[in-house]
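# Analysis of the macromolecular model
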Amino acid sequence: MKKLLLPSIIAISVFTSTAYASNHNVVEVYKTESCGCCTLWADGVKEAGFNVKENIVSETQLMKKYQQAGVPNNLLSCHFATYQGKDLVGHIPVDSLKNIDLMDKSKSGIAVAGMPTGSLGMYAGDYKESYQVIAFDKSGNQSLFKSYN
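Residues numbered from 1 in each chain as written. Predicted model: local features only at pLDDT ≥ 70, side-chain atom pairs only at ≥ 80, totals over all residues. Heavy atoms only, no water.

What follows covers the packing of aromatic side chains. Taken as a whole and judged by the stated rule, the model has four aromatic pairs. Here the aromatic rings of Y30 and F80 are separated by 6.2 Å at their centres, their planes lie at 45 degrees, and the arrangement is tilted. Here Y30 is found in strand β1 (residues 26-31), whereas its partner F80 is found in strand β3 (residues 80-83), with 50 residues between them in sequence. Both residues of the pair, Y30 and F80, count as buried. Accessibility expressed as a relative area gives 3% for F80, which makes it buried. Connected via pairs of aromatic rings, a cluster forms that spans Y30, Y66 and F80. (Phe/Tyr/Trp six-rings, centres within 6.5 Å; stacked < 30°, edge-to-face > 60°. Helix = DSSP H or I, 4+ residues; strand = E, 2+ residues; numbered from the N terminus. Buried < 20%, exposed > 50% of the residue type's maximum accessible area, 1.4 Å probe, protein only.)

Okay, structure coming up:
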């Protein structure tokens, strides 16, 4: 019995750790079926080497995700995602996503409010608006994560 127990514990441990690691490193996107810019954002994240899982949800389900995450109303956008236990709102650039581990640990996520022209998924030739990535917590507190010009 003891000879079987240790290999079984090791196998379960390896499987559980692998499953956690693979799920933890997936950018899980929630978007409505009709939003093309959300698809372009997810495609850009995939092209940057991230694993992406897209979930088609209703507008009501999307709003519920925002509410559950405590996303402040001024930071809402057209899609919601999660990555490494953090909440992502809107057209977040890949380099901000890659640096999410540098975010203040008290913050629950980052957001790009609205849909700024020139951000990831919001292409308009060479034209780009200036915008900010804002870190937020579940109480609604916000701070600058990074600016893009």
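Overall, mixed pairing links the seven strands, which are arranged β2-β1-β3-β4-β5-β6-β7 in an open sheet. One side of each edge strand has no neighbouring strand; the edge strands of this open sheet are β2 (51-56) and β7 (142-148). Each neighbouring strand pair of the sheet contributes to a mean axis angle of 20 degrees, computed without reference to strand direction. In the packing of helix α2 (residues 36-47) onto the sheet, contacts are made with β1, β2, β3 and β4 (86-89), and the angle to β2 comes to roughly 160 degrees. Against the sheet, helix α3 (residues 59-69) makes contact with β1, β3, β4 and β6 (131-136), and its axis sits at roughly 50 degrees relative to β3, the strand it touches most. (Pairing = 2+ DSSP bridges. Axes fitted to C-alpha atoms, helices over the stretch in contact; angles between N-to-C directions. Contact = heavy atoms within 4.5 Å.)

Moving on to unusual backbone geometry. The phi angle at Q84 is positive, at roughly 50 degrees, despite the residue not being glycine. Of note, Q84 is situated in the loop between β3 and β4.

A separate point is the environment of M63. Assignment of secondary structure puts M63 in helix α3. Residue class for M63 comes out partly exposed when judged on its relative accessible area of 31%. Between the C-alpha atoms of M63 and H79, which are 16 residues apart in sequence, the distance is 9.5 Å.

A word on the side chain of H91. Looking at the element boundaries, H91 is found in the loop between β4 and α4 (94-98). A polar side-chain atom of H91 sits 2.6 Å from the main-chain carbonyl oxygen of L120. (Polar contact = N/O pair within 3.5 Å; in protein donor to acceptor, adjacent residues only side chain to side chain.)

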